[in-house]
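Structural features, examined
Next come the chains, spelled out residue by residue.
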There are 2 protein chains.
Amino acid sequence: MEFRQLNSLIALAENGFSVSRAAQKLHLVQPAVSQHLKQLEQELGTRLFRRNGKRLTGLTESGERVLHYARNILTDTSNILAVGQEHVSEEKGILRIGTTHTQARYVLPPIVRHFSEAYPAVELQMLEGTPRELVDMAQENKVDFAICTEALGEHPALLAIPCNRWNRCLIAPKAHPVLAQKRVTLKALCRHPIITYVAGFTGRDHLNETFGKEDLIPHVVLSATDTDVIKTYVREGMGIGIIADLAYEREKDIDLAMRDLSHLFPWEVTKIGYRKDKYLRAYQKRFIEFFQEISARMGQAAV
Amino acid sequence: MEFRQLNSLIALAENGFSVSRAAQKLHLVQPAVSQHLKQLEQELGTRLFRRNGKRLTGLTESGERVLHYARNILTDTSNILAVGQEHVSEEKGILRIGTTHTQARYVLPPIVRHFSEAYPAVELQMLEGTPRELVDMAQENKVDFAICTEALGEHPALLAIPCNRWNRCLIAPKAHPVLAQKRVTLKALCRHPIITYVAGFTGRDHLNETFGKEDLIPHVVLSATDTDVIKTYVREGMGIGIIADLAYEREKDIDLAMRDLSHLFPWEVTKIGYRKDKYLRAYQKRFIEFFQEISARMGQAAV
DNA sequence: ATCACTTACGGACGGCGTAAGTATT
DNA sequence: AATACTTACGCCGTCCGTAAGTGAT
């Protein structure tokens, strides 16, 4: 058994079982990858792939198991390489962060700024995705950290470090009727068209549940993955916005009125997720600490 | 990075950092192994080894880390191979058990007999060692299971499945004065020369603690790793024996009187230990079940 | 007919073994 | 002097790329 065979297996699984595409990703020609897969099957004496004629369409149960261990092996090899990198220079390397728009736009900027000042030789790579995608990326070691509120902590191979607590707030054009009451209620929210996040993002599912428990049906006229879009349409007068409190910018959003909604909805926790068996380089550990410290300070400032 | 490089690293660490001996174990010539180690260091750009001139004497901190991940990788490769073996034939393979003399001699025989009948095509390999050694063997994947009472459950990389509960009993030649009282006390035991297990074996350490708590000092005239030796010297009249109850054989030991001591000492638990990340083949899972079922039945029979 | 994978073949790289060299005990 | 590791060298295996072949859509 050789690393290249396992790499080909993994690349295959991550590219819809197209041998050609896997080969492309691996910077190899397609027959080479075919050979790896064949060798692996021969050596194990087992069918690993579901086949449709010559095309590979998926994995057998054995194949799934092997893939699992292959991923472990891949993780450990990159752990070994990371040990090497760490010794070459503790303060040099790459940090790959996968996160959602809201985190990238409103939470991470001060953290990233501090981190970059502390570790100027670390190259930061930010990737955006849905929480579900981010979890997969962490699991497949495509990113070092997945930072989001949803979907983390479900995956048994990932560790989820809680870092940041937030809730929702209401935004509306000034003088909007919903602002008449000091303390907004769920019922009051339902009387107006609502603009908020799409399902699977930024606590939308908990938001639905909260209304559901009271047998209320919010009238969501528009949903977006992205707070900026929500704000834009709130400004257009299309409806009232329910957004993460950390996405309200006191200075820039002076044209929008804000009301806290933390008495209505459950608190959400943003977590940093990474593989349990991951070797953390010194600057990676520091990044997590930065995140916790800075977001704790920002939380206080908000209160 | 290649598997052979990691294998050489592991072999080196397991052979007192002698490159020649590692090469021998790997069925390679010594320069080949030297080259692997050199390549690994070069590729990682780090000193992995402590050196004394040309001789290697140990690992640096980086080296230790790398060794750790290399072992993980090795385990996962054997997991992958096991998946293959499983599909070739579910009922064929090897089962490597590391255990202590007492378990091998008094507990395992009926379990092994049943297992062999159920899986005649599985080759059983039994290795003996001290609990400490057995734990290392499980950790290094030299055995599939370590079966013992001590030292298991301490190691973070091992899973310890409790299988069997036992306590001690007293054995003595018939008509020995210690037998006068029906219910033996710790004090009474101290009035006679005692023969029991050596430290680190078969609950000897808990036995010491129990006496210690009462500020009693047992007069141990002879200690052995092995119940048969203890019985032999008890028969010789050298003293009274304190042995595991499961090692008393009602039929064969009719010349020895037996008294239960479970009111004096804590219960001990025999466990099966294996690496947490180990892939268990079907017959390996069955072996654990056999162990639990059969020893539960034997426990009842004893009561 | 096109696309995707398999089979066939040759060149180049590299691993391992042999043998000679150097440091350690 | 003997042991243990390093360096040097050559053969052989094999890995990958090119190119032709085969089966699906």
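Reference entry: report on the structure contained in this document.

Cut-off values and rules
Residues numbered from 1 in each chain as written. Chains lettered and ligands numbered in written order. Predicted model: local features only at pLDDT ≥ 70, side-chain atom pairs only at ≥ 80, totals over all residues. Heavy atoms only, no water. Near = heavy atom within 4 Å. Polar contact = N/O pair within 3.5 Å; in protein donor to acceptor, adjacent residues only side chain to side chain. Helix = DSSP H or I, 4+ residues; strand = E, 2+ residues; numbered from the N terminus. Nonpolar A, V, L, I, M, F, W, Y, C, P; charged D, E, K, R; others polar. Least-squares fit on C-alpha atoms with pLDDT ≥ 70 in both. Contact = heavy atoms within 4.5 Å. Pairing = 2+ DSSP bridges. Right-handed = clockwise from strand over helix to strand, strands pointing away. Phe/Tyr/Trp six-rings, centres within 6.5 Å; stacked < 30°, edge-to-face > 60°. Buried < 20%, exposed > 50% of the residue type's maximum accessible area, 1.4 Å probe, protein only. Lys NZ or Arg CZ within 6 Å of the ring centre and 35° of its normal. Buried area = accessible area lost by both parts, 1.4 Å probe. Salt bridge = Lys/Arg side-chain N within 4 Å of Asp/Glu carboxyl O. Axes fitted to C-alpha atoms, helices over the stretch in contact; angles between N-to-C directions.

1. Some remarks on the protein's contact with DNA strand C
S20, Q30, S34 and K38 of chain A together with H36 of chain B are the nearest of the 23 residues found near DNA strand C. Protein-proximal atoms of DNA strand C, defined as those within 4 Å of the protein, fall in sugar or phosphate at a share of 71%. The contact in question runs from a phosphate oxygen of DNA strand C to an N or O atom on the side chain of S34 of chain A, over 2.4 Å. At 2.6 Å, a side-chain N or O of H36 of chain B approaches a phosphate oxygen of DNA strand C. The set of elements that each furnish at least two residues to the surface near DNA strand C consists of α2 (19-25) and α3 (30-44) of chain A together with α3 (30-44) of chain B. Per element, the largest residue contribution to the surface near DNA strand C is five residues, and it comes from α3 of chain B. Among the residues forming the surface near DNA strand C, the class breakdown is seven nonpolar, 10 polar and six charged.

2. Here's the deal with the relation of the copies chain B and chain A
Of the transformation superimposing chain B on chain A, the axial component is 0.0 Å and the angular component is 180 degrees, with the fit at an RMSD of 0.2 Å. On this basis, the relationship between the two copies can be described by a two-fold rotation axis. Every residue of chain B has its C-alpha some distance from the rotation axis, and the shortest such distance is that of I73 of chain B, at 2.6 Å. A shared binding surface is used by both copies, with 100% of the interface residues of chain B retained as interface residues in chain A.

3. A look at the pairing of strand β8 (residues 194-197) of chain B
Residue and element names in this part refer to chain B. Note: β8 against strand β9 (residues 220-224), four bridges, orientation parallel. If you follow I195 over to β9, its bridge partner there is L222. Regarding topology, helix α8 (residues 204-213) serves as the crossover connection from β8 to the parallel β9, and that connection is right-handed. Here β8 runs beside strand β10 (residues 240-244); their pairing, made up of two bridges, is parallel. Following the sheet pairing, I195 is matched in β10 by G241.

4. Description of the packing of aromatic side chains
Considering all chains together, one arrives at 21 aromatic pairs over all chains under this definition. An angle of 75 degrees between the planes, with centres 6.1 Å apart, marks the rings of Y69 of chain A and Y279 of chain B as edge-to-face. Here Y279 of chain B lies in the loop between β12 (268-275) and α10 (282-302) and Y69 of chain A lies in helix α4 (residues 61-88), a pairing that spans two chains. Here Y69 of chain A and Y279 of chain B have matching classes, each one buried. Seen from their ring centres, F115 of chain B and F287 of chain B are 5.4 Å apart, and the 80 degrees between their planes marks the pair as edge-to-face. Placement of the pair is F115 of chain B in helix α5 (residues 101-118) and F287 of chain B in helix α10, with a sequence separation of 172 residues. Put simply, the rings of F115, Y119, F145, Y274, Y283, F287, F290 and F291 of chain A touch in pairs and so form one group of aromatic residues. Between the NZ or CZ atom of R165 of chain B and the centre of the ring of W267 of chain B, over which it lies, the distance is 3.8 Å.

5. Brief notes about the interface of chain B and chain A
Listed per partner, the contact involves 27 residues of chain B and 27 residues of chain A. Both sides together, the interface formed by chain B and chain A hides about 2,500 Å², and carbon and sulfur atoms give 72% of it. Of all residues in chain B, F3, Y69 and I80 of chain B give up the largest surface area on contact with chain A, accounting jointly for 27% of the area buried on that side. Counting across the chain B and chain A interface gives zero salt bridges. The tally of links between chain B and chain A comes to two residue pairs in polar contact (both at pLDDT 80 or more). Breaking the side of chain B that touches chain A down by element, the ones donating at least two residues are α1 (3-13) and α4 (61-88) of chain B. Tallying contributions element by element places α4 of chain B first for the side of chain B that touches chain A, with 17 residues.

6. Thoughts on the sheet that holds strand β5 (residues 145-148) of chain A
Residues and elements named next belong to chain A. The strand order across the open sheet built from five strands is β4-β3-β5-β12-β6, with neighbouring strands paired in mixed fashion. This sheet does not close on itself; its edge strands, each paired only once, are β4 (122-128) and β6 (158-166). With direction set aside, neighbouring strand axes in the sheet form an average angle of 20 degrees. Against the sheet, helix α5 (residues 101-118) touches β3 (93-99), β4, β5, β6 and β12 (268-275), its axis set at about 175 degrees to β4. Packing of helix α6 (residues 131-139) onto the sheet brings it into contact with β3, β4, β5, β6 and β12, and relative to β5 it is tilted by some 160 degrees.

Spatial relationships are all this shows, so hold off on functional conclusions.
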